Structure formats: C-alpha cells, structure tokens
Amino acid sequence: MKKMTRRDFIKAGTAGIILAGMPLTLSNCLKRPGSAAPKNLGDYFSFFGVDEEIIRKTLETALSEGGDYADLFFEYSTGNSVVMENNTVNRAYIESSLGMGVRVLKGDKTGYSFTEEISPEKMQSVAQTAAKIAASPGQKEVKPLKERELPDYYPIITRWEDVSIKKRIQMLEFVNHEMLKRDTRIQATQLNFTDNERLILIATSEGVIAGDYQPMTRFNAFCVAEAKGRRENNGFNLSARQDINWYTRDKLMYLAREAVKRTVALFDAVPAPAGEMPVVLAAGSAGILLHEAIGHGMEADFNRKGISIFSDRMNKKVAEPFVSIVDDGTNLNIRGSINVDDEGIPGQKTFLVENGILRSYMHDRISAQYYGLKPTGNGRRESFKYPPQPRMRNTYMLNGPHTFEEIIHSTPRGIYADQFLNGEVHIGAGDFTFYVKSGYMIENGKLTQPVKDINIIGNGPDVLSKITMVANDLKLAEGGWTCGKGGQSVPVSQGIPTCKVSSITVGGKNI
C-alpha cells in the first residue's frame with residue numbers, strides 16, 4: 001500500500017464532492033487511493049507537508065507578541081456515509097477536511113486562528129493573528145521538539161480508506177434482510193452506516209510533538225412495526241474505534257436482532273406511572289445519565305468559573321463509599337478512547353469520584369494551570385477550527401458490591417430504566433430531564449410489565465447521593481454517543497453497572 005500524500009487528498013476530496021450526487025450504480029468509484037496509517041513522525045510530516053523547521057518558526061511567530069505558550073494542531077479528517085431506506089440505498093457521500101490551527105495562551109487569555117491551507121506562508125499568517133490576540137509584554141522561547149511516544153488504544157488491521165463502497169452496501173443489505181425476516185410486523189427500515197478517519201499532529205512551544213491516527217465507525221438500524229392499527233418505532237446502533245473486520249456476521253445479526261426486538265417489544269408496553277419512586281438504572285447505556293447529569297459538572301472549566309454545583313465539593317463526600325466514577329481514555333477500541341488529547345497529553349484514566357469522595361475534575365491545560373495541577377488528558381476539540389476545552393472521554397461508574405438480583409429483589413415498587421434516548425441538563429444547578437424509551441415496572445421485587453415513554457426529572461448531585469446499591473455487572477455503552485458543548489461535538493462513551501437510586505421523579509401517567 002502506498003502512503004496518501006496531500007496531492008492524493010486533494011484528488012480524493014474532489015472525487016467525493018463529485019460523487020455525492022451520482023447514481024449509486026457508479027458508487028464503486030467512491031473508493032480512494034489505498035494508504036497506510038502513519039507509523040512515525042516522518043509520515044505525519046510528509047502527509048501534512050511540513051518539517052521540524054517550519055513548525056519551529058511558526059511557534060516562534062506565535063510567541064512573538066508575548067504569549068506564555070503556543071501550540072499547533074494539524075488535522076485531516078475524512079468520512080463516508082451510506083444510507084439505506086426501505087431496501088434502497090438512496091444516499092452515499094464523503095466529507096473531508098484538512099487544515100491547522102494556532103493557539104496562543106497568556107494566563108487564561110486565548111488567541112486562536114486557523115487556516116484550511118497548510119503552507120509555510122499561511123501558517124505564519126495565522127500564527128501572527130493568534131499572537132496578536134494574546135499580545136502582552138515578555139518573550140518565551142520555543143523548546144526543542146521531542147516526539148511523544150504514545151500507546152495504541154485502537155489497533156486495527158484495515159484502514160477505512162481501503163474499504164470499497166460495495167463492501168459497505170453489502171453490510172447494509174445483510175442487516176436490512178435480517179431485520180425484515182425476523183418479524184412480519186416490520187413495515188419500514190432505515191440503516192445509516194458511517195466511518196471516519198482522523199489524522200492529527202500536535203506541536204507545542206514546550207517541545208512536545210505527537211501524531212495520532214483515530215478510526216471510528218457507527219452503524220444505526222431503525223425500524224417501524226405495525227400491528228392491529230398501531231405503529232411503533234425504535235432502533236439500535238453500534239459504534240467503536242474499529243475497522244471493517246469488527247463487523248462480523250454475528251455482530252451484524254445482533255444489530256438487526258436488537259433493533260427489531262426493541263421495536264416490537266413496545267406493543268406490550270404501557271405508560272409508566274407518575275410520581276416519586278425508586279429507579280433502577282440498567283447496566284450500559286443508562287450511563288448517559290452519569291455523563292449528562294454528573295459528568296459535565298466535573299469538567300474543570302465550569303468549576304474554575306464557579307458555574308458548577310461541584311465547584312466547592314473537592315475532597316468532600318458526594319456519594320456512598322461503594323460509588324467510584326472514572327473518566328477513561330484508555331479503553332481498548334471504545335468510542336471515547338484517545339491515545340493523546342488535542343493538546344498533546346497522553347490518554348489516561350482519571351478518578352473523578354473515588355469511594356464516594358470527589359477527587360478530581362477533568363482538566364485541559366488552562367484549568368490545570370489555574371488549579372496548579374497536571375492536565376488530565378481531557379483537552380479535546382471538534383476540529384482544527386476550534387481551540388480545545390475540557391471534555392469527557394469514556395465516563396463510567398465502577399462495579400459495586402451488589403448483584404442485579406439483589407437490587408431488583410430489594411425494590412417493592414419502582415421503574416427499571418433500560419433505553420435512554422436523550423435529555424437536557426442545566427450545568428450550573430445540575431437539574432436534568434431525561435427521556436427513557438423503554439423499561440419495566442418493578443413490583444414486589446420482580447420485573448413485570450414493560451413500560452415506555454418515561455420522563456425522569458432530577459438533580460445530578462442529589463441523584464448521586466441517593467445511589468443506594470451498585471451491582472457488579474459494569475457494561476459500557478455499545479452505541480454511538482456524541483457530546484455537544486460550547487458549539488463543539490466530540491465522540492464519547494459511557495457506562496454503568498446496574499444501580500439503584502432510592503428516589504427520582506418519574507413523569508408518566510397517574511394510574
């Protein structure tokens with residue numbers, strides 16, 4: 001396989017633009033030149049058309065107006081999307097971008113500028129712009145660059161660049177066929193397959209330089225079922241930092257089976273009762289409540305500014321001793337994992353709550369400097385067009401001392417919340433509302449009637465303090481979750497063992 005140069009990229013980008021509107025009979029042309037993932041710093045230099053001298057001069061210009069610190073962020077991103085609706089592939093397109101950004105810091109003041117043209121002249125221009133935004137007296141020197149060695153938390157065999165559109169469509173056809181044959185009540189299907197590759201190169205005035213190749217894929221399966229005049233819809237999706245080999249026949253059948261099972265199960269579901277009651281969170285994707293209602297409040301920028309309700313609770317009890325919560329960038333092939341963050345800090349595992357005590361916030365460089373700490377590898381950004389900010393990676397609760405059976409048996413009446421879809425959180429107070437697509441009633445210590453369309457309303461720190469039981473069945477979410485903050489979106493994941501919250505307001509039907 002040959003390396004992909006910037007010239008290849010320009011050709012490929014043009015091909016993608018043209019093919020976006022072409023008939024699918026011609027879509028095999030979507031396959032672009034084969035390429036190997038960069039293996040060393042020289043590969044990244046070659047791809048972005050830079051060298052150490054160009055980078056050093058750009059960093060010197062960025063510090064020329066008195067900034068304390070500067071970094072350069074180079075990024076190439078390309079992704080494919082294929083959509084099938086009711087047995088027909090009706091959309092297929094490629095999105096690609098290439099560019100670099102220059103950030104200059106002076107205290108907590110940030111100068112940032114970016115360009116979509118990577119040339120020495122353009123890099124000097126954006127460095128001068130960023131330098132002026134953070135201009136102040138003083139002059140810092142650029143330290144000699146030294147490559148940062150990184151782990152590999154997302155090993156793959158095949159780059160997405162080397163996968164044909166035909167192979168992608170074959171997977172959609174297989175899943176579509178499996179969904180339709182599983183239940184005659186399925187009336188409509190929609191499948192959405194995406195894959196993405198991101199190459200980044202980070203260089204800082206403190207002498208750090210690191211490159212990373214970040215693969216990603218997501219496969220959504222959605223269906224509509226009809227029976228006795230009623231219609232129900234639901235779906236399921238899988239996502240990971242993986243390659244084509246991850247989609248085995250068994251995994252594709254699992255995707256189809258879960259999408260259909262979750263949809264037709266709604267025919268038996270009834271509205272949930274309303275009121276204050278115990279809620280048992282199912283292991284896995286229910287961790288979205290942990291992410292939204294609690295995790296955002298532990299991002300250091302919200303605490304540095306005094307916005308978060310956790311800003312005065314460091315090293316204080318916030319939960320029972322069997323509750324520990326981490327934000328982890330090191331899980332193998334999980335969607336939120338990162339070998340290195342967008343500031344050049346290696347991915348790592350950070351204990352936020354340890355044995356019920358709040359131990360750390362999630363830091364980028366600015367907040368870490370404010371608190372006199374080391375960054376925790378949480379500086380992330382959507383693309384080269386944005387400066388980084390503290391963001392979650394894979395946020396999850398560790399296993400506790402109880403079992404699933406003990407938790408269900410201990411609950412005379414409550415809700416077992418299974419499939420969370422979306423929610424809204426006010427970071428300052430920690431108040432939240434979440435929509436739960438499906439679950440079960442818990443009656444006399446047993447799972448009974450399926451329920452649906454459940455709204456739960458609460459306060460993040462309050463819910464954290466009301467977790468009374470945590471099981472030993474931690475599961476990370478299998479689907480694709482994307483976190484939005486400050487106008488930027490980044491891929492994340494979350495997880496949770498089965499856990500019981502003694503009381504949450506459930507918005508349902510008075511029965």
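Residues numbered from 1 in each chain as written. Predicted model: local features only at pLDDT ≥ 70, side-chain atom pairs only at ≥ 80, totals over all residues. Heavy atoms only, no water.

Scanning the chain from terminus to terminus reveals 11 helices and 23 strands. Computed over the C-alpha atoms, the radius of gyration of the chain is 24 Å, within 12% of the 24 Å expected from 2.2 N^0.38 for a compact globule of 511 residues. Pairs at least 24 apart in sequence give 75% of the contacts found in the chain among residues at least 6 apart. In the structure as shown, the chain presents an accessible area of about 20800 Å², 49% of it carried by carbon and sulfur atoms. Where the 62 positive side-chain charges of the chain centre and where its 59 negative ones centre are 2 Å apart. (Helix = DSSP H or I, 4+ residues; strand = E, 2+ residues; numbered from the N terminus. Rg over C-alpha atoms; globule rule 2.2 N^0.38 Å. Contact = heavy atoms within 4.5 Å. Areas by Shrake-Rupley, 256 points an atom, 1.4 Å probe, with all protein chains shown as cover. Lys, Arg positive; Asp, Glu negative; His and termini not counted. Charge placed at Lys NZ, Arg CZ, Asp CG, Glu CD.)

A word on the packing of helix 5 (residues 165-182) against helix 6 (residues 249-264). Relative orientation of the contacting elements helix 5 and helix 6 amounts to 45 degrees, with a least axis distance of 9 Å. In this view, helix 5 runs oblique relative to helix 6, as classed from their interaxial angle. Once helix 5 is placed against helix 6, the crossing between them reads as right-handed. Counting all contacts with helix 5, which are made through Met171, Phe174, Val175, Glu178, Met179 and Arg182, the residues of helix 6 involved are Arg249, Leu252, Met253, Leu255, Ala256, Arg257, Ala259 and Val260. For the contact of helix 5 with helix 6, the class distribution of residues is 10 nonpolar, no polar and 4 charged. (Axes fitted to C-alpha atoms, helices over the stretch in contact; angles between N-to-C directions. Parallel < 35°, antiparallel > 145°, perpendicular 65-115°, else oblique. Left-handed = near helix turned anticlockwise from the far one by under 90°. Nonpolar A, V, L, I, M, F, W, Y, C, P; charged D, E, K, R; others polar.)

Turning to the nonpolar core, a few remarks are in order. One finds Leu281, Met298, Ile415, Phe420, Phe434, Ile456 and Leu464 to be the most contacted residues of the largest nonpolar core, which totals 49 residues. If you tally residues by element for this core, the top one is helix 7 (residues 287-295), at 5 residues. Other than its neighbours up to four places away in sequence, Met298 contacts Asn303, Phe310, Leu352, Val353, Leu358, Tyr361, Met362 and Leu464. Ranked by size, the runner-up nonpolar core spans 33 residues in total, among them Val89, Trp246, Tyr247 and Leu252. (Core = buried A, V, L, I, M, F, W, Y, C linked by side-chain atoms within 4.5 Å. Buried < 20%, exposed > 50% of the residue type's maximum accessible area, 1.4 Å probe, protein only.)

Viewed as axis vectors pointing N to C, helix 3 (residues 52-62) and helix 4 (residues 120-133) meet at an angle of 25 degrees, and their least axial separation amounts to 8 Å. Put simply, helix 3 runs roughly parallel to helix 4. The element helix 3 and its partner helix 4 pack so that their crossing is right-handed. Seen from helix 3, the contacting residues are Ile54, Lys57, Thr58, Thr61 and Ala62; seen from helix 4, they are Pro120, Met123, Gln124, Ala127, Gln128 and Ala131. Among the residues forming the contact of helix 3 with helix 4, the class breakdown is 6 nonpolar, 4 polar and 1 charged.

A few words now on the environment of Tyr93. Mapped onto the secondary structure, Tyr93 falls in strand 2 (residues 88-106). When the C-alpha atoms of Tyr93 and Val83 are compared, they prove to be 9.2 Å apart, with 10 residues separating the residues in sequence.

Next up on the list: the side chain of Thr61. By secondary structure assignment, the location of Thr61 is in helix 3. Those residues in contact with Thr61 that sit more than four places away from it in its chain are Gln124, Ala127, Gln128 and Ala131.

This part is about helix 4. Counted at 1.5 Å a residue, the expected span for helix 4 with its 14 residues is 20 Å, and the 20 Å between its end C-alpha atoms agrees. Among all positions of helix 4, only Met123, Val126, Ala127, Ala130 and Ala131 are buried. Seen along its axis, helix 4 keeps its buried residues to an arc of 140 degrees; they face one direction. Residues Glu121 and Lys132 are exposed on helix 4 and point more than 90 degrees away from its buried face. Looking at the packing, one finds that the buried side of helix 4 touches helix 3, strand 1 (69-85), strand 2 and strand 3 (109-115). (Expected span 1.5 Å × (residues − 1). Arc of directions from axis to C-beta.)

Of note, Asn87 is a non-glycine position whose phi angle comes to about 75 degrees, a positive value. By the secondary structure assignment, Asn87 is in the loop between strand 1 and strand 2. The backbone phi angle of Asn355 is positive, close to 50 degrees, even though this residue is not glycine. Secondary-structure assignment places Asn355 in the loop between strand 11 (349-354) and strand 12 (357-358).

Counting buried positions along strand 1 yields 16 of 17 residues, so the element is predominantly enclosed. Between strand 1 and strand 2, which pair antiparallel in sequence order, lie 2 residues; one of them, Asn86, sits at a positive phi of approximately 50 degrees. Across 15 bridges, the pairing between strand 1 and strand 5 (residues 186-204) is antiparallel. Within the sheet, the bridge partner assigned to Thr78 lies in strand 5 and is Glu197. (Pairing = 2+ DSSP bridges.)

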